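Single-letter residue listing:
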Amino acid sequence: MDFTRKLSFLVFLLCILISLQNQDDIDTNNKFSSHDDKYCSLSDDESHYIFDVDSFPPLPMFATTSHVERKLQQQTGARESLKYDYYHQTCPQAERIIRSSVRDLFKKRPQIAPALLRLAFHDCFVEGCDASVLLDPAEGFHSEKESPPNESLKGFDVIDIIKSELEEACPGVVSCADTVVLAARESVILTGGPFYPLKTGRRDSVASFGEVATFELPSPQDDLSKMIVSFSSKGFDEREAVSLLGAHSTGVIHCKFFINRLYNFSGTNSSDPTMNSEFVSLLRSKCNTNQASLMSPASKAQSPSQLVSSSPSPSSIMDELASALVEEPAMKMDYEGPGANFGTLYYRSLLQGRGILYVDQQLTTGEETKTWVQAYASDVSLFHKDFGLVMMKLSNLGVLTAPMGQVRKDCRKVS
């Protein structure tokens, strides 16, 4: 009799466990069922991407908001959460508008893709993904645009164009912050990178953080330890830092950011010894000693802002400004030509001592970081998946959601 009771009790427990497991499966399926059609109905040219929404675990929003914003949160009560297809009722065409706008502009100006990707990174890394980097200087705060790390940022005009189309379709609905991260995702796809799902519902900051940007954004001159500390402060481990720097697979780097590695590395009057000698020669052909003046204080007299202030007429302003921007020497990150395997050239180049930026080449000097460089160099699918995950994580940093922040009508100024 005792044996029968024990057996019955075990069967009862087993039934409960099975029931709980089935319920978990049902909850998981329900969680994503409303989004499966969205990500399975991509256009033919997107269908080859290896990701769908079920490929990614839920990601937390990392709290990097300021103490003032936290206090405001406590006073105003609970915040909304980011959601997939947040605008499905208020502006169902929002993501389609952003996608088509970026693609149309990309056909005319391919350089907008790396510009938009860099813009998203510089926004999210400073007080979170809140479009604060888009704000023009105004009384009461120091614009992030004016901070040294952001002086060469581009893509603001592209965001303006996209935002104007969104405002025409759905006035006052889609935030600039969502526009930035969604435009960056489209740019990744257009340059051969992976599709990755993004939740939306971000709100825009009412302030800009110029001083924070100056000190918190990573520098092209950072060594490995400083780079790791910088990324760690935002919640990224070494693997994620290596994959996120893979964004340097596209775009151009102006000579002033690496010319010291070619002619006077650490005051030695010679090149960086970690660089491949043939690659040094290639870079010197693009960035000769006459261009070293770009790094000197005297060169600031020829900055675009000063050209604008000293030129007498609008036409000459544009002519001189265009000339200054075109003539500034640079090196393409995909210097062997654009290819389908986003990331492959970048990581293989590092292993050959052909990293353009010092911070990139430093990835091969650490045991763990070099392990991931080697892994991504040999397995582009692994890199694409890790890059998609880290871009999702970056896009969730310190976001503002209702009732915090606002939805700007003009991304350059507080509404």
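Preceding this paragraph is the structure being described.
It should be emphasised that the depicted structure is a prediction, and the values quoted were computed from it without experimental measurement. Numbers given for residues are sequential positions, taken from 1 along each chain in its written order. The model is predicted, so local features are restricted to residues of pLDDT at least 70 and side-chain atom pairs to those at 80 or more, both for listing and for counting; the totals for chains, interfaces and linings are taken over all residues. Note: side-chain values were computed over all heavy atoms of the structure, leaving out hydrogens and water.

### Some details on the environment of Arg348
Move 1: Secondary structure is summarised from DSSP: a helix means a run of H or I of at least four residues, a strand means a run of E of at least two, and numbering begins at the N terminus for each. Mapped onto the elements, Arg348 comes out in helix α14 (residues 344-351).
Move 2: In this structure, the C-alpha to C-alpha distance between Arg348 and Tyr376, residues 28 residues apart in sequence, is 8.4 Å.
Move 3: Here a polar contact is recorded for every N or O atom pair within 3.5 Å, except that within protein the pair must consist of a potential hydrogen donor and a potential acceptor, and residues adjacent in sequence are included only if both atoms are side-chain atoms. A distance of 3.1 Å separates a polar atom in the side chain of Arg348 from the backbone oxygen of Ala377.

### Quick notes on α14
Turn by turn, an α-helix covers 3.6 residues, leaving residues three or four places apart pointing in a common direction.
Move 1: In this scheme, a residue with accessible area under 20% of its type's maximum is buried, one over 50% is exposed, and one in between is partly exposed, where area comes from a 1.4 Å probe on protein chains only. Regarding α14, the residues found buried are Thr344, Tyr346, Tyr347, Ser349 and Leu350.
Move 2: The contact criterion used throughout is that any non-hydrogen atoms of two residues lie within 4.5 Å. Residues of α14 that are buried sit in contact with α9 (238-244), α15 (358-361), α16 (367-378) and α17 (380-395).
Move 3: After α14 finishes, the residue Gly353 shows a positive phi value of roughly 70°.

### Comments concerning the packing of α16 against α17
Move 1: Running from N to C, α16 and α17 point in directions that differ by 115°, and their axes come no closer than 5 Å. Contact residues: α16 offers Trp372, Ala375, Tyr376 and Ser378, while α17 offers Val380, Leu382, Phe383 and Asp386.
Move 2: Of the residues contributing to the contact of α16 with α17, the split by class is six nonpolar, one polar and one charged. Every axis in this analysis is a line fitted to C-alpha atoms, fitted for helices over the stretch in contact. Angles between the N-to-C directions lie between 0 and 180 degrees. Residue classes follow a fixed rule: Ala, Val, Leu, Ile, Met, Phe, Trp, Tyr, Cys and Pro count as nonpolar, while Asp, Glu, Lys and Arg count as charged, and any other residue, Gly among them, counts as polar.

### So, the nonpolar core
Move 1: The definition of a nonpolar core used throughout is a set of buried Ala, Val, Leu, Ile, Met, Phe, Trp, Tyr and Cys residues joined through side-chain atoms within 4.5 Å. Residues Leu134, Phe231, Phe258, Tyr347 and Leu363 are the most contacted members of the largest nonpolar core, which totals 86 residues.
Move 2: Take this core: its biggest share by element is eight residues, from helix α6 (residues 176-190).
Move 3: Leaving out residues up to four positions away in the same chain, Tyr347 has contacts with Val242, Ser243, Leu245, Gly246, Val373, Tyr376, Ala377 and Phe383.

### Overview of the packing of aromatic side chains
Move 1: Note on aromatic pairs: the rings of Phe, Tyr and Trp (six-membered ring only in Trp) are paired at centre separations within 6.5 Å, and the planes decide the class, stacked below 30 degrees, edge-to-face beyond 60, tilted for the rest. Enumeration according to the criterion identifies 14 aromatic pairs in this entry.
Move 2: Ring geometry for Phe342 against Phe383: centres 5.9 Å apart, planes inclined by 25°, an arrangement best described as stacked. In this pair, Phe342 sits in the loop between β2 (330-332) and α14 while Phe383 sits in helix α17, placing the two residues 41 residues apart along the sequence. The two residues Phe342 and Phe383 agree in class, both being buried.
Move 3: Taking NZ or CZ as reference, Lys145 lies 4.4 Å from the ring centre of Phe156, over its face.
Move 4: We call a charge positioned over a ring when the NZ of a Lys or the CZ of an Arg lies within 6 Å of the ring centre and within 35 degrees of the ring normal. A cation sits over an aromatic face here: Lys234 above Phe125, 5.6 Å from the ring centre.

### Observations concerning the environment of Cys170
Move 1: Here Cys170 is to be found in the loop between α5 (156-169) and α6.
Move 2: C-alpha separation for the pair Cys170 and Cys91, spaced 79 residues apart in sequence, amounts to 5.9 Å.
Move 3: In contact with Cys170, other than residues within four places in its own chain, are Thr90, Cys91 and Gln93.

### Here we look at the state of the cysteines
Move 1: The rule for a disulfide is simple: a pair of cysteine sulfur atoms within 2.5 Å. Evaluated as defined, the whole model comprises four disulfides.
Move 2: Put simply, Cys91 and Cys170 are joined by a disulfide, and their sulfur atoms are 2.1 Å apart. Its torsion about the S-S bond being 75°, the disulfide of Cys91 and Cys170 is classed as right-handed. Taken together, the residues span a long stretch of sequence, with Cys91 in the loop between α2 (67-76) and α3 (94-108) and Cys170 in the loop between α5 and α6 at a distance of 79 residues.
Move 3: In this structure Cys91 comes out as buried when scored by relative accessible area, which is 1%.

### Focus: the side chain of Ser395
Move 1: By the secondary structure assignment, Ser395 is in helix α17.
Move 2: Excluding residues within four positions of it along the chain, Ser395 makes contact with Cys124, Cys129, Val181, Leu198 and Arg202.

### Focus: the environment of Glu368
Move 1: Within the fold, Glu368 resides in helix α16.
Move 2: Along the backbone, Glu368 and Arg239 are 129 residues apart, and their C-alpha atoms lie at a distance of 7.7 Å.
Move 3: Apart from residues no more than four positions distant in its own chain, Glu368 is found in contact with Glu238 and Arg239.

### Looking at the side chain of Glu167
Move 1: Within the element layout of this structure, Glu167 appears in helix α5.
Move 2: Residue classification places Glu167 among the buried positions, given a relative accessible area of 15%.
Move 3: Setting aside its immediate chain neighbours within four residues, Glu167 contacts Gly172, Val173, Arg408 and Lys409.

### What to know about the packing of α14 against α16
When two helices pack together, their arrangement is captured by the angle between the axes and the distance separating the axes.
Move 1: Between α14 and α16, whose axes approach to 8 Å, the crossing angle comes to 130°. Taken together, the axis directions place α14 and α16 in an arrangement best described as oblique. For α14 against α16, the interelement crossing comes out left-handed. In this structure, α14 contributes Thr344, Tyr347, Arg348, Leu350 and Leu351 to the contact, and α16 contributes Lys370, Val373, Gln374, Tyr376 and Ala377. For classification purposes, an angle smaller than 35 degrees is called roughly parallel, one larger than 145 roughly antiparallel, one from 65 to 115 roughly perpendicular, and anything else oblique. Crossing handedness is defined as follows: a turn of the near helix away from the far one that is anticlockwise and smaller than a right angle gives a left-handed crossing, while the clockwise case is right-handed.

### As for the pattern of salt bridges
Move 1: Salt bridges are defined by distance alone: a side-chain nitrogen of Lys or Arg within 4 Å of a carboxyl oxygen of Asp or Glu. Enumeration according to the criterion identifies 14 salt bridges in this entry.
Move 2: Between Glu186 and Arg103 there is a salt bridge, with its nearest N and O atoms 2.6 Å apart. Taken together, the positions of Glu186 in helix α6 and Arg103 in helix α3 put the pair 83 residues apart, joining distant regions of the chain. As far as burial versus exposure is concerned, Glu186 and Arg103 are alike and both buried.
Move 3: One network of salt bridges, with partners in common, ties together Asp136, Lys145, Asp160 and Arg412.

### A word on unusual backbone geometry
Move 1: The linkage connecting Ala402 with the following residue, Pro403, adopts the cis geometry, with an omega of 10°.
Move 2: If you check the backbone angles, Asp85 has positive phi at about 55° while not being a glycine.
Move 3: Tracing the sequence through the fold places Asp85 in the loop between α2 and α3.
Move 4: Positive phi, normally seen in glycine, also occurs at Glu127, with a value near 60°.
Move 5: Residue class for Glu127 comes out buried when judged on its relative accessible area of 12%.

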